[in-house]
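Structural description and commentary
What follows is the residue order along each chain.
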There are 2 protein chains.
Amino acid sequence: MSAITVPDDLVSRGDGGSIVLLVLDGLGGLPGPSGLTELEAARTPHLDALAARSSLGVFNPVAPGVTPGSGPAHLALFGYDPLQYPIGRGILSALGVGFDLKAGDVAFRLNLASLDREGRISDRRAGRPSDAEGRAVIDRVRGALEVPDDVELHVLHEKEHRAVMILRGPGLGGAVEDTDPQETGVPPLPARAAGPDSVRTAEIVESLLTQSRALLADDPKVHAFLARGFSRYEGIPSFRERFGLSGVALAKYPMYRGVARLVGMAVEVEPAGDEETVAALESSWERFDYSFLHFKATDARGEDGDFDAKVAAIEAIDALVPRVVELEPDVLMVTGDHSTPATLKAHSWHPVPVLLASRWARPTAQRFGERDCRGGDLGHFRGVELMSLALAHAGRLEKYGA
Amino acid sequence: MSAITVPDDLVSRGDGGSIVLLVLDGLGGLPGPSGLTELEAARTPHLDALAARSSLGVFNPVAPGVTPGSGPAHLALFGYDPLQYPIGRGILSALGVGFDLKAGDVAFRLNLASLDREGRISDRRAGRPSDAEGRAVIDRVRGALEVPDDVELHVLHEKEHRAVMILRGPGLGGAVEDTDPQETGVPPLPARAAGPDSVRTAEIVESLLTQSRALLADDPKVHAFLARGFSRYEGIPSFRERFGLSGVALAKYPMYRGVARLVGMAVEVEPAGDEETVAALESSWERFDYSFLHFKATDARGEDGDFDAKVAAIEAIDALVPRVVELEPDVLMVTGDHSTPATLKAHSWHPVPVLLASRWARPTAQRFGERDCRGGDLGHFRGVELMSLALAHAGRLEKYGA
């Protein structure tokens, strides 16, 4: 069921070239009014110059027809098959708030909810509290909740009505059923174990949710937490173990720093914006073998359905490209984690264009766009295979067999 | 090393768009005298117009270099990896005569054969009886054969010297060796079990073949049945279970209705020809999410080695395409189950061109043909992956991860 992922035993542990990955989130698109996609329509002189000395291709982030979320899509870009390393919702939320997960942790999401006087859910989002209101509720319960002595509890506010809980301790399980019934007019469900290894975890969760209700009894809006997306983080082999690389993630948003931290990349800074992301690369240069830079606006404008704004977001990154090129990375890749066509206003399953500039490229086109990449030398591959290509072009993969 | 098939847990059980699959059997070809393939040489204005608003691609029905039979090739088109769901010859014959198989049934093929006075095979095909002669022989033995009380026997004539037997009952096995020695001048082989679960089945088969010889002792031509292609039908999860789709098969030939029935599609009508197949789509429209239409002539003319007749068969289907387009399916795919190049006069392993028309397509060419499809956005994929793409374009696949 899996693709050919990086043959780890071929990874050279010695020296090799530097690798830079620029991710324009949701880069791939669909034709707009002009018949061109967002990337094809954008004026991108610097990306085009790069494409002219690159191997080009397109890839399916996970599999044909599959629309990936950001977590699995980035795992694939980092060389981890998301079908082999599934990451649950709770884990993603924990990553999203920058929590430093350890193998064995159980994470789940919380909805702040309103109850009526009979204990039935009247609003699953508690009237959509502001970030400050939501945070205040979490701050209030955090210190008061009690867990068994061998368990460590973390409660973190995410955004508005959303928060995340993480339990750390021996023998916890992620097979706990949602307490969020996904409807109003009914009481929250009890936390029930869906497997024998999660019975105690379910009891702890039930106790936490009961304690929370007592603590929130007099709150004007938020009377209970609804829990869902339970998942246990199983741990995955690190970037350094697998690829012999020291990696760094430069990303404004915590979600992307979180996925990078999961595979063991350094996460030192929180750049305030795109220019700062590139500046962070300049200052960390020479210290890392692999640098991952994340730019969000392309995806956000795609989800807005604003074709022209997505074009502008691409052009804004293009203007920053020369600063990356000046560092002379041995391998420079520019791509997306998935497609977010403005016409669709959502993530999609469409293949993603990629350029890989290196001394060993086989250039095939003068521009960077879906149509140019489609006929490129990298062909039509799976996202998880990009890492093998990067390692090869960086001189970091040994010959297979004699 | 197998392909990614549809991740069933992403299938949306709710609403989604309608899907139509037109299969021009054996569509793929090889260059004829003009250097163009049959599809490239054909005048297909309607398919070309469809291609201009489609995502295009080519696929290997089973795997590179593998020439598929119709059964596996169609299973792949329906999203079932034929390497994961192997279908034995006996099962295919049973499907071919329209028999309604149940999990646990054991089916095998019969050759009507002539023996000499010493019981040695003199003609493995009994002088090639006509359909009527072959049917008369089967009708004659059918009622007279005896099986144990807990076993149900079905004997069906296929065509000329070919028939099929199906055993239904508890604990039957498909590991029985062929009794057809594939040569003349030697007696038929005994039915031997090739595994412990098939000992009783082999005994039942041996008894049936012995009874048949007694019943046929005075027949002028047919003196024995040679059995081969034993297989047990294990059952496969239905189309509805896996993809949440209600499907219908509209096909003139029983083989194709049989494979469709295997995966749980409705098989209501037996269209008399191609026009009637499209008319059946029109009358069943609105009642099904997924409609499979099968057209045989392209394959038959390819096997004849008649390049021009295959071109004409493609053009005849092209003329029917507007009636399908008028129904406005959300996803309309046109393809073959495999290639049948007229120059080769047989099924082949060559990649098959496909067009997928949908609102979310990325068009790349103005024509439908092998060379246009080769550079298309769907790339070069495996047949079983087509279903994922169809579901995605129909809005029937959930996002993978957050």
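Details of the sheet that holds strand β1 (residues 19–24) of chain A
Residues and elements named next belong to chain A. If you walk across this open sheet you meet the seven strands as β8-β9-β1-β10-β11-β2-β12, and the pairing is mixed. Of all the strands in the sheet, the pair left with one neighbour each is β8 (247–251) and β12 (379–382). Sheet twist, expressed as the average angle between the axes of neighbouring strands with direction ignored, equals 20°. Each of β1, β2 (54–60), β9 (290–295), β10 (331–335), β11 (352–357) and β12 is contacted by helix α13 (residues 386–393), which is oriented at about 155° to β10, the strand it contacts most.

Describing unusual backbone geometry
All names here are of chain A. Unusually for a residue other than glycine, Gln182 sits at a positive phi of about 65°. By the secondary structure assignment, Gln182 is in the loop between β6 (162–168) and α6 (199–215). A residue is classified by how much of its surface remains accessible, and Gln182, at 47% relative accessible area, is partly exposed.

Describing the pairing of strand β3 (residues 106–115) of chain A
Sheet faces and side chains relate simply in a regular strand, where the side chains alternate between the two faces. All names here are of chain A. Most of β3 sits inside the fold, with ten of its ten residues counted as buried. Neither face of β3 is exposed, since Val106, Phe108, Leu110, Leu112 and Ser114 on one face and Ala107, Arg109, Asn111, Ala113 and Leu115 on the opposite face are all buried. In this structure, β3 lies alongside β6, joined through six bridges in antiparallel fashion. From the neighbouring strand, Asn111 faces β6, where its bridge partner is Arg162. Sheet analysis places β3 next to strand β7 (residues 224–232), joined by seven bridges and oriented antiparallel.

Examining the interface of chain B and chain A
Each partner contributes residues to the interface: chain B has 28 residues there, and chain A has 35 residues. Between chain B and chain A, a total of about 2400 Å² is buried, with carbon and sulfur atoms accounting for 63% of that surface. If you look at where chain B meets chain A, you find two salt bridges. Its salt-bridge partner being B:Asp377, residue A:Arg374 comes within 3.1 Å of it at the nearest N-O pair. If you look at where chain B meets chain A, you find nine residue pairs in polar contact (both at pLDDT 80 or more). A per-element tally of the side of chain B that touches chain A places helix α13 (residues 386–393) of chain B first, with four residues. Looking at the side of chain B that touches chain A residue by residue, the class counts come to 14 nonpolar, nine polar and five charged.

Overview of the environment of A:Asp304
Residues and elements named next belong to chain A. Relative to the assigned elements, Asp304 resides in helix α10 (residues 297–304). Of the residues examined, Asp304 reaches a relative accessible area of 47% and is grouped as partly exposed. Considered as a pair, Asp304 and Leu50 are 254 residues apart in the sequence and their alpha carbons are 29 Å apart. Only 2.8 Å separates the side chain of Asp304 from the side chain of Arg301, close enough to count as a polar contact.

Side note on the sheet that holds strand β2 (residues 54–60) of chain B
All names here are of chain B. Across the sheet, which stays open at both edges, the seven strands sit in the order β8-β9-β1-β10-β11-β2-β12 with mixed pairing between neighbours. Since the sheet does not close on itself, it has two edges, and those belong to β8 (247–251) and β12 (379–382), each with one partner. Across this sheet, the average inter-strand angle for adjacent strands is 20°, counted without regard to direction. With four bridges connecting them, strand β10 (residues 331–335) and strand β11 (residues 352–357) associate as antiparallel partners. Bridge pairing in β11 links Thr335 to Val354. Contacts from helix α9 (residues 274–284) reach β8 and β9 (290–295) within the one sheet, and its direction differs from that of β9 by about 170°.

Quick notes on helix α8 (residues 254–262) of chain B
All names here are of chain B. The buried fraction of α8 is high, at seven of nine residues. Regarding α8, the residues found buried are Met255, Tyr256, Arg257, Gly258, Val259, Ala260 and Leu262. Looking at the buried positions of α8, the neighbouring elements they touch are α3 (70–77), α4 (89–96), β8 and β9. Remark: Gly264 follows α8 within two positions and exhibits a positive phi of approximately 90°.

What to know about the relation of the copies chain B and chain A
Once chain B has been moved 0.1 Å along the axis and rotated by 125°, it coincides with chain A to within an RMSD of 0.3 Å. Here the symmetry operator amounts to a three-fold rotation axis. Looking at the interface residues of chain B, only 11% of them are also at the interface in chain A, so each copy uses its own face.

A short note on the packing of α4(B) against α8(B)
Residue and element names in this part refer to chain B. Their axes nearest at 7 Å, the elements α4 and α8 cross at an angle of 110°. Relative to α8, α4 is oriented roughly perpendicular. Note on element contacts: α8 touches α4 through Pro254, Met255, Gly258, Val259 and Leu262, opposite Leu92, Leu95 and Gly96. Here the residues of the contact of α4 with α8 sort into six nonpolar, two polar and no charged.

What counts, and at which threshold
- Residues numbered from 1 in each chain as written.
- Chains lettered and ligands numbered in written order.
- Predicted model: local features only at pLDDT ≥ 70, side-chain atom pairs only at ≥ 80, totals over all residues.
- Heavy atoms only, no water.
- Pairing = 2+ DSSP bridges.
- Helix = DSSP H or I, 4+ residues; strand = E, 2+ residues; numbered from the N terminus.
- Axes fitted to C-alpha atoms, helices over the stretch in contact; angles between N-to-C directions.
- Contact = heavy atoms within 4.5 Å.
- Buried < 20%, exposed > 50% of the residue type's maximum accessible area, 1.4 Å probe, protein only.
- Buried area = accessible area lost by both parts, 1.4 Å probe.
- Salt bridge = Lys/Arg side-chain N within 4 Å of Asp/Glu carboxyl O.
- Polar contact = N/O pair within 3.5 Å; in protein donor to acceptor, adjacent residues only side chain to side chain.
- Nonpolar A, V, L, I, M, F, W, Y, C, P; charged D, E, K, R; others polar.
- Least-squares fit on C-alpha atoms with pLDDT ≥ 70 in both.
- Parallel < 35°, antiparallel > 145°, perpendicular 65-115°, else oblique.

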